[in-house]
Amino acid sequence: MERGTIGQDEPLFPARLVADRFGKVPLRDICHFSAPQDVATSTIRLAQFHALIRLVPVTVTANLFNAVVVVAALAGSVRGWQLATWFGVMTSFCTLRLLRAWRLVHDPLYAQRNPTGLRSITTGIGLLALLWAVPMLAWFPHASETQRLLIVIVMTGMMSGASVTMASVPPAAFAYIAILAVASIGATIELGAPWIGLLTLAFAGTLCWSSLVSARQFVSHLRARLELEEQAQLVRLLREFEASGSDWLWELDADLRLRFMTAAMAREIGHPISELLGVSVFTLLDPTRQISEVSSGMRAVMDHFRAGEDFRDRAILTKGGTRWWALSGKRMIDEHGTVVGWRGVGSDITDIRLHGDDSTRNARRDPLTGLANRLLVREQIEEALLRQCQGDSDCALLLVDLDRFKLVNDTLGHAIGDQLLIEVARRLERIVGTGGTVGRLGGDEFAVIWRDCSRRDAVDDLAGQIIADLSRSFTIGVANVHIGASLGIAIGPTDGAREEALIRSADLALYRAKAAGRGSHAFFERHMFEDAEDHRLLENDVREALNAGGFTLAYQPIVDADSGNVVGREALLRWRHPTRGDIAPNVFIPIIEDAGLIHQIGGWVIREACAEAARWTEPMRVAVNVSAAQLGGAGLAQAVVGALASSGLPPNLLELEVTESIFLGDDPATLGSLARMRALGVRLVLDDFGKGYSSFGYLSRAKFAKIKIDQQFVRDAADGDQDSRAIVAAILALARGLGVETTAEGVETEHHAQVMRELGCTQLQGYYFGRPVASANIEQTARRIVRKRA
């Protein structure tokens, strides 16, 4: 089928669509009192009503004027109360009719609640004609010749006018003319002039015939106008979607049932048009309801229809996951803003999205590597999941994240980084072969859709091969590049029956693999989702606690090893959850860092600790823990300066504790931030020394004022472990050589304290001297330490 045509044997403009809708509308359907059963008759009948309503002011004026003439002519021959009553009823009736017509035109809500109909219009016109029958039947015999002549002239004019003003609604015109004709014939018979009655009857018949002719012309002109409007709408629609090269045209009624479809689309569905007309669009696109469960595009199209929203180029999966269609649709709206139908175009894009050379294909390919991009990957996951619903084996999604790729970009430049991504794509394609599909989701993240995963160990082997191959060096120009990869694996539909669920599961598995260390892979497990959900809920609670003042500080004493006097206190962040109780810092602080709240909360901790230390009766140092995330930029320096200025605390009484992990990567920004702290006069403390990445170079570069020995070394040394004792002794000797203080953490017994004193530690900290307490209980804790020392 050539692009840009509606079908192989169909012109771009399907004129028969308009002919089918408006070609033949029998006049009897227009005159029938029952509700229209098709769109054509409904449209024409609505136009009939509007034409009649637009003329109501004219007809009301003519009726009231003629009523005045009749009352004035019969004033001397008919009793005044009769004329007054008749004129009052006539005026009231015409006023109500005029008011209703005005509201129908200018008040859409009223028109919706109180729609007009052929039966009600004909009844109203009939009542008006009965009012005009009163002068003929009641007063005509008693009138003078001149008065009778005047009445006849008025009635003739009213009947003639009705054949013109009411011609758009023939039943109303017939009723009006017939009632006046019967009244006129009755009056002439009573006067003994039957031949005048016959003339009246002939005149009424002529007027009715004239009304029919006018009605036929009205319908003919209206049909021609509607055809032109319909053609213009179709031309606009096709021009609007011309760029997409659509193959089919379709149309739905207000109830979302098929009203028209081109033959090419019916052939694609596999049923004749006669069997499809009247079928709901939901049944038409998804007969088994399986596609909607898998395809996000199909669900989006269904939602557009339900919400009454236009849509364009929505890709949907059809035929059990074997074909892809692109659909676009626009609502058809009447003058009241009501959706009366849908019209749109469509085409089969199965081959084009993969192999075609147009915008449809380009929108689904990564421009750098030529792999499937995120959109195409999602579509291919939907295909695999739907085929699994049809009986195929399970599918697997492997998310591949490159290790150390950012370092390549930062050191060798983005051009080398782009070439590296291309080489990674080629290796992945060679590894996967014909057993799956490779795509690039963005950045350094790739996806592999493995179609046959009946054996879990085969997927495990594939993941291992990918990690091994991507860990081999890459030669880019003259550069020899080494990276690695971490993988997260999810099996469909077990780990996700929908595309978004499967991607989420694989992403959680990737997160777990990266947490376990570089160059590893992990399969999704149910607890990963539960952990992630719990993490999300806790993050929300952290934000609420921050806004509501839910965090507090507790202070733990630091004592001099020789005298036992309190020489400082460490400020520790605490959070009591309203339902979970006390949350451990090692649980909520990583959440704070992940949520990007560490600067906000860290600044509050520094301000609060400085303000509290400034109120202590005896000046002593206060220590505050600082994370690596706080050391980037000038935010920490601003927070410290503001806290010292507002509290009045001397800078040398503030200690900032950092861990050895801040030195990973030798970030110049980190060292610069530490230098700014020293310039302010703030003391720097290296916390948990010996725990992880200890290096003597850290001590010389950062110029720390104190080293805190990790509590595990302290306890093991006190318990007699010779290796730990030797390590602690070496740290203390190093500290004495550098002239810095040392604090032993985790001192819980007098024995722990005695061993640390013997080894030469200058300060002690631990539960033996006091647990962290709120600021209100600091003095009580200090007195308990004094009694213990005594």
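A. Representation of the pattern of salt bridges. According to the stated counting rule, one finds 35 salt bridges in the structure shown. Residues arginine 683 and glutamate 741 are paired through a salt bridge, measuring 2.9 Å at the closest nitrogen-oxygen approach. Residue arginine 683 is located in strand β18 (residues 683-689), and its partner glutamate 741 is located in strand β20 (residues 741-744); the two are separated by 58 residues in the primary sequence. By relative accessible area, arginine 683 is classed as buried at 14%. The class for glutamate 741 is partly exposed, based on a relative accessible area of 23%.

B. Just the packing of aromatic side chains, in detail. Summed over all chains, the structure comprises 12 aromatic pairs. A ring pair is formed by tryptophan 86 and tryptophan 132, whose centres lie 5.4 Å apart and whose planes are at 75 degrees; its orientation type is edge-to-face. In this pair, tryptophan 86 is assigned in helix α5 (residues 80-106) and tryptophan 132 in helix α7 (residues 118-139), connecting sequence segments 46 residues apart. An identical accessibility class is assigned to tryptophan 86 and tryptophan 132; each is buried. Ring pairing ties together the aromatic residues Trp250, Phe305, Phe311 and Trp342, which thus form one cluster.

C. Up close: a nonpolar patch on the surface. Taken together, the side chains of Trp195, Ile196 and Leu199 define a hydrophobic patch exposed on the protein surface, amounting to about 320 Å² of accessible area. With respect to the helices, strands and loops of the structure, tryptophan 195 is situated in helix α10 (residues 194-240). Taking relative accessible area as the criterion, tryptophan 195 reaches 55% and is therefore assigned exposed.

D. Inspection of the side chain of glutamate 383 at higher detail. Mapped onto the fold, glutamate 383 is located in helix α18 (residues 374-389). Residues contacting glutamate 383, with those up to four places away along its chain left out, are Leu317, Gly321, Trp324 and Arg353.

E. Structural context of the sheet that holds strand β3 (residues 311-318). Taking strand neighbours across the sheet as the criterion, the five strands line up as β2-β1-β5-β4-β3 in an open arrangement whose pairing is antiparallel. This sheet does not close on itself; its edge strands, each paired only once, are β2 (258-261) and β3. Taking the axes of each pair of neighbouring strands and ignoring which way they run, one obtains an average angle of 25 degrees across the sheet. Of the pairings in the sheet, the one linking strand β1 (residues 248-253) to strand β5 (residues 339-348) comprises six bridges and is antiparallel in character. Across the sheet, leucine 252 pairs through a bridge with tryptophan 342, a residue of β5. Lying on the sheet, helix α15 (residues 296-307) is in contact with β1, β3 and β5; it crosses β3 at an angle near 130 degrees. Relative to β3, α18 is tilted by about 35 degrees, and along the sheet it contacts β3 and β4 (323-333).

F. Focus on the sheet that holds strand β6 (residues 395-403). The strand order across the open sheet formed by five strands is β7-β8-β6-β11-β12, and the pairing between neighbours is mixed. Every interior strand has two partners, whereas the edge strands, β7 (436-442) and β12 (521-523), have only one. Shown here is a sheet whose adjacent strand axes are inclined to one another by a mean of 20 degrees, direction ignored. Pairing analysis gives six bridges linking β6 to strand β8 (residues 445-450), with the strands arranged antiparallel. Each bridged residue has a counterpart across the sheet, and for valine 400 the counterpart in β8 is phenylalanine 446. In this fold helix α21 (residues 456-471) packs onto β6, β8, β11 (484-492) and β12, with an angle of close to 160 degrees to the strand it touches most, β11.

G. Quick peek at helix α27 (residues 668-679). Counted at 1.5 Å a residue, the expected span for α27 with its 12 residues is 16 Å, and the 16 Å between its end C-alpha atoms agrees. Buried within α27 we find Thr670, Ser673, Leu674 and Met677. With its buried residues spanning 100 degrees around the axis, α27 presents them on a single face. Of the residues in α27, the exposed ones pointing more than 90 degrees away from the buried face are Pro668 and Ala679. Once α27 finishes, glycine 681 follows within two positions and takes phi at roughly 95 degrees, a positive value.

H. Summary view of the nonpolar core. Phe551, Leu654, Met756 and Leu764 are the most contacted members of the largest nonpolar core, which totals 72 residues. Sort the elements by how many residues they give to this core and helix α25 (residues 598-614) lands first, with seven residues. With residues up to four places along the chain from it excluded, the contact list for phenylalanine 551 reads Val542, Ala545, Leu546, Leu573, Arg574, Trp575, Phe588, Ile592, Ile601 and Trp604.

I. Local environment of the pairing of β5. For β5, a buried count of eight out of 10 residues is recorded, marking the element as mostly surrounded by other parts of the structure. Both β4 and β5 contribute to a ladder of nine bridges, which runs antiparallel. Within β5, the position partnered with isoleucine 333 by the bridge is valine 339.

J. Region of the structure containing the pairing of β3. The pairing of β3 with β4 spans six bridges and is antiparallel. Its bridge partner lying in β4, isoleucine 316 is registered against tryptophan 325.

K. Layout of the packing of helix α19 (residues 405-412) against helix α20 (residues 414-432). Two numbers describe how α19 lies on α20: the axes approach to 7 Å, and their chain directions differ by 140 degrees. Within the contact between the two elements, α19 uses Phe405, Val408, Asn409 and Leu412 and α20 uses His414, Ile416, Gly417, Leu420 and Leu421.

L. View of unusual backbone geometry. The omega angle of the peptide bond from glycine 492 to proline 493 is 0 degrees, so this bond is cis rather than trans. Here proline 493 lies in the loop between β11 and α22 (499-516). For arginine 404, which is not glycine, the phi torsion reads 65 degrees and is therefore positive. Turning to its location among the elements, arginine 404 is positioned in the loop between β6 and α19.

M. Layout of the confidence of the model for the chain. Looking at the chain as a whole, the pLDDT averages 83, with 86% of positions reaching at least 70. Segment residues 1-24 is flagged for pLDDT under 50; beyond a separation of four residues in sequence, or across chains, it makes 64 contacts in the model.

N. Spatial organisation of the side chain of serine 486. With respect to the helices and strands, the residue serine 486 is situated in strand β11. Polar side-chain contacts of serine 486 include one of 3.2 Å to the side chain of aspartate 403. Aside from chain neighbours lying at most four places away, what touches serine 486 is Leu399, Val400, Asp401, Asp403, Leu510, Lys514, Gly517, Arg518, Gly519 and Ser520.

O. Examining the packing of helix α4 (residues 56-73) against α7 more closely. Close contact between α4 and α7 brings their axes to 12 Å; oriented N to C, the two are set at 15 degrees. Viewed along their axes, α4 and α7 adopt a mutual orientation that is roughly parallel. Here α4 and α7 pass one another in a crossing that is left-handed. Here Asn63, Asn66, Ala67 and Val70 of α4 lie close against α7, whose contacting residues are Leu128, Trp132 and Pro135.

Rules behind the numbers
- Residues numbered from 1 in each chain as written.
- Predicted model: local features only at pLDDT ≥ 70, side-chain atom pairs only at ≥ 80, totals over all residues.
- Heavy atoms only, no water.
- Salt bridge = Lys/Arg side-chain N within 4 Å of Asp/Glu carboxyl O.
- Helix = DSSP H or I, 4+ residues; strand = E, 2+ residues; numbered from the N terminus.
- Buried < 20%, exposed > 50% of the residue type's maximum accessible area, 1.4 Å probe, protein only.
- Phe/Tyr/Trp six-rings, centres within 6.5 Å; stacked < 30°, edge-to-face > 60°.
- Patch = residues over 30% accessible without salt bridge, like charges linked within 9 Å, V, L, I, M, F, W, Y side chains within 5 Å.
- Areas by Shrake-Rupley, 256 points an atom, 1.4 Å probe, with all protein chains shown as cover.
- Contact = heavy atoms within 4.5 Å.
- Pairing = 2+ DSSP bridges.
- Axes fitted to C-alpha atoms, helices over the stretch in contact; angles between N-to-C directions.
- Expected span 1.5 Å × (residues − 1).
- Arc of directions from axis to C-beta.
- Core = buried A, V, L, I, M, F, W, Y, C linked by side-chain atoms within 4.5 Å.
- pLDDT = per-residue confidence, 0-100.
- Polar contact = N/O pair within 3.5 Å; in protein donor to acceptor, adjacent residues only side chain to side chain.
- Parallel < 35°, antiparallel > 145°, perpendicular 65-115°, else oblique.
- Left-handed = near helix turned anticlockwise from the far one by under 90°.

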